[in-house]
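Structural overview
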Amino acid sequence: MSGTQVSTPKEEAALIARIRSGDESAMGDLYDRYSGVVYGVALRVLGNTTSAEDVVQEVFLQLWRNPQAFDVDRGRMAPWLAVIARNRSIDLLRKRPMEEDIDELPISTGVNLEDEAAQKIAADKVRAVMGQLPAEQRKALEMAYFEGLTHTEIAGRTGEPLGTVKTRIRSALMALRKAFA
Amino acid sequence: MNQHTQYADALALYAMDALDDPRELRELQEHLGTCGECRRELESLRADTALLAFSATGPKPPQRSRQRLMEAIAAEPRHVVKPKSRFVLGRLQSRWLALAPIAVSVILAIISIGLMQESLRLRNKNEKLTAELVDMRSKSQLAREVMDMINDPSLPRMTLVGVKTPPQPQVRTIYKPEKGHVLLLANNLAQLPDDKVYELWLIPQQGAPMPAGTFTPDSKGGTMMMHAMETEGIQAKAFAVTVEPRGGSREPTSEIMMEPAS
C-alpha cells in the first residue's frame, strides 16, 4: 500500500469501473491501496498470518467476482472493506462458512480515510480512545467486535449481568463516536 | 433516538451481530422495519464499528499474497456473454458435443448471476414486506381491540344525545379503564367550521374533565375514534362532548353540547 496514494470518491468510482470492465491491473491497484486495511483487521481477529492471508484473498476475490457490490454513491471503500474483513474473519474464527456474497451495507463514517496517512491518524486516534475507556467497557467491546462473541457469551465469560454487558458495549461505541464528532 | 431508547443498547449489539436473544432480535427487526430513525442510528453504529476495525490496521500482508491474488484473478472466468436464448431440436454433431462442458459452464455462470441479482431484489423486497407486515399487524391489533371492546358487555357504555333539537346527534362511547382506551362511535353530527372540532371529555369520579380525543364527522355526520388516555386506570363517571378550536383544548372552553342520555 503506497503512502502517497489518495482515494477520493471519484477515484474509487473509476477504480471500480475498471474492475467491472475486467481490468486485472485495477485489482492490483485496489490491493495496493487497501490490502493493509483488510489484512490488519483479519490478523487482529484471527491472530494467525496464514488465516489472515486467506481472508485477504477471499475478500478481494469476492470483489473481483462481484464489483457491483460496492456502491460508490453510498459509502467509502476503506471502511467498507474493513467491515467485510472483520465479518469474514469472524466467520472463519467461529468456523462458520464464509459468506459467498460480498454484498454488505454501505459504511459512511464521515472521517477522513482518504490516504494511508489519514488512515493511520484515525487508527491511532481509535486506539487512544480505546485506551482511555474503562477497562471493562473496552474488554466487552473488543470481545464482541474482535472475538465475535454475543452478549450472552460475554456475560457468561465475565460473570456480569446481560444488561450491564449491553450498556458497556454501547457506552464504549458512543465514546468512540464522540471522539470523532 | 429519544423515543427509542429501549432499543439503543440492542441496536449497538445488532450492529456487530452480537445480539443473540431471539425475542429481542425479532422485536428489534420488526421495529427497524418501521422506524427510519433507528435505521439511521444503526448505520451510524456500523460506521462507529468500522472505525474500530481501523484500529487494527498497520501490518502489511507478505508480498506473496499479492502474487497469489493476481494469479487467482487471472484464473477466474470473466465477462460472460449471454447467448441468445434458443432451443435447438435434433441430434448434436460430435464437434458440438466437445463444447458441451464449456456451454454448461457458461449457462451455470449466467444462472449464478441471475440468482445473485434475484437475491438482491428479494432482499429489498423482503425489507419492504417486513415494513408492510408490521403496519398490517398494527392495524390488525387496532381492529382486534375495537372488536373486543364492542363485544365485551362488561365494559361501561354510554350513549350521548343532543341536548337541543332533532335530528339528534348520537355519540356512543366504550371505555376500557385498565388500558385507558376510549372508543367513540358517532352519527348525525352537525358539520363544524374548519377551525372547530368536536372534543370528547372523560368526567372522572373526582376532578376536572379530561380530554379524551378530538374528532370531526364525515359528510354524513358519522365518525369513529379510538383514543388512548394519557393515564391508565382512571374511573369515569361520565363522558361529554364540546366544540373546541381545531387541535383541541386541555379543558372545555364551550358549553357541553352532548352528555349522557338519562
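Procedures and definitions
- Residues numbered from 1 in each chain as written.
- Chains lettered and ligands numbered in written order.
- Predicted model: local features only at pLDDT ≥ 70, side-chain atom pairs only at ≥ 80, totals over all residues.
- Helix = DSSP H or I, 4+ residues; strand = E, 2+ residues; numbered from the N terminus.
- Buried ≥ 20, exposed ≤ 12 C-beta atoms within 10 Å, placed from the backbone.
- Contact = placed C-beta atoms within 7 Å.
- pLDDT = per-residue confidence, 0-100.
- Core = buried A, V, L, I, M, F, W, Y, C linked by C-beta atoms within 7 Å.
- Nonpolar A, V, L, I, M, F, W, Y, C, P; charged D, E, K, R; others polar.
- Pairing = 2+ DSSP bridges.
- Axes fitted to C-alpha atoms, helices over the stretch in contact; angles between N-to-C directions.
- Parallel < 35°, antiparallel > 145°, perpendicular 65-115°, else oblique.
- Left-handed = near helix turned anticlockwise from the far one by under 90°.
- Expected span 1.5 Å × (residues − 1).

What to know about the overall build of chain B
Of the regular secondary structure elements, chain B holds six helices and eight strands. Each helix (α) and strand (β) of chain B, taken in turn from the N terminus, gives the series α-α-α-α-α-α-β-β-β-β-β-β-β-β. When burial is assessed residue by residue, chain B has 22% of its 262 residues classed as buried. For chain B, the share of sequence-separated contacts (at least 6 apart) that also reach a separation of at least 24 residues comes to 61%.

Examining the overall build of chain A
Tallying secondary structure elements over chain A gives eight helices and zero strands in all. Among the 181 residues that make up chain A, the fraction classed as buried is 44%. For chain A, the proportion of contacts with a sequence separation of at least 24, taken over those separated by at least 6, is 69%.

Structural notes on the confidence of the model for chain B
Residues and elements named next belong to chain B. Taken over all residues, the pLDDT of chain B has a mean of 80, while the share at 70 or more is 84%. Element-level mean pLDDT values for chain B span from 46 in helix α5 (residues 94–97) up to 93 in strand β4 (residues 196–204). Taken together, the stretch residues 79–96 has pLDDT below 50 and engages in six contacts with residues farther than four places along the chain or on a different chain. Two numbers describe this predicted complex: its pTM, 0.56, and its ipTM, 0.85.

A look at the nonpolar core
One finds V38(A), A42(A), L81(A), A82(A), A85(A) and A144(A) to be the most contacted residues of the largest nonpolar core, which totals 75 residues. The dominant element in this core, judged by the number of residues it contributes, is helix α2 (residues 24–46) of chain A, at 12 residues. With near-sequence residues (within four places) excluded, A85(A) lies in contact with V37(A), V38(A), V41(A), A42(A), V55(A) and V59(A). The next biggest cluster of nonpolar side chains, apart from the first, holds 20 residues, and it includes V171(B), V182(B), A186(B) and A212(B).

Let's talk about the interface of chain A and chain B
Listed as interface residues are 53 residues of chain A and, on the opposing side, 40 residues of chain B. Listed by contribution, the elements that provide at least two residues to the side of chain A that touches chain B are α2, α3 (49–65), α4 (77–93), α5 (116–132), α6 (135–145), α7 (151–158) and α8 (162–179) of chain A. With 12 residues, α2(A) is the largest single contributor of residues to the side of chain A that touches chain B. Classifying every residue of the side of chain A that touches chain B gives 28 nonpolar, 14 polar and 11 charged.

Things to note about unusual backbone geometry
Residues and elements named next belong to chain B. Its identity as a non-glycine residue notwithstanding, D17 has a phi of 60°, on the positive side. The residue D17 is located in the loop between α1 (8–15) and α2 (22–34) in this model. With phi around 60°, N188 is a residue other than glycine that occupies positive phi space. Relative to the elements of secondary structure, N188 occurs in the loop between β3 (181–187) and β4.

Here's the deal with the pairing of β4(B)
Residue and element names in this part refer to chain B. Relative to strand β7 (residues 236–245), β4 runs antiparallel, the two being bridged by nine bridges. Residue pairing for β7: E199 is matched across the bridge by T242. Direction of pairing for β4 relative to strand β5 (residues 210–215): antiparallel, over a ladder of four bridges. Bridge assignment links W201 to a residue of β5, and that residue is P211. The antiparallel pairing of β4 with β5 creates a hairpin that spans five residues between the two strands, and G207 there sits at a positive phi of about 100°.

Observations concerning the packing of α1(B) against helix α3 (residues 36–54) of chain B
All names here are of chain B. Where α1 meets α3, the axes come as close as 9 Å, and the angle between the chain directions of the two elements is 50°. Classified by the angle their axes make, α1 and α3 are oblique. Taken as a pair, α1 and α3 cross one another with a handedness that is right-handed. Residues L11, A12, Y14 and A15 of α1 form the contact with α3, whose own contacting residues are C38, E41, L42, L45, R46 and T49. Among the residues making up the contact of α1 with α3, the classes are represented as seven nonpolar, one polar and two charged.

Description of α3(B)
An ideal rise of 1.5 Å per residue puts 27 Å on 19 residues; α3(B) measures up with 27 Å between its terminal C-alpha atoms. Every buried residue belonging to α3(B) is among C38(B), L45(B), R46(B), A47(B), D48(B), T49(B), A50(B), L51(B), L52(B), A53(B) and F54(B), and all of these are buried.

So, the environment of A236(B)
All names here are of chain B. Inspection of the secondary structure puts A236 in strand β7. Looking at A236, the number of C-beta atoms within 10 Å reads 19, which means it is partly exposed. With 60 residues separating them along the chain, A236 and K176 place their C-alpha atoms 9.8 Å apart. Every residue in contact with A236, bar those within four places of it in the chain, is listed here: P156, Y175, P177, L202, I203 and P204.

What about α6(A)?
When we look at burial in α6(A), the residues that qualify are A140(A), L141(A), M143(A), A144(A) and Y145(A). Packing partners of the buried residues in α6(A) comprise α7 and α8 of chain A together with α1 and α3 of chain B.

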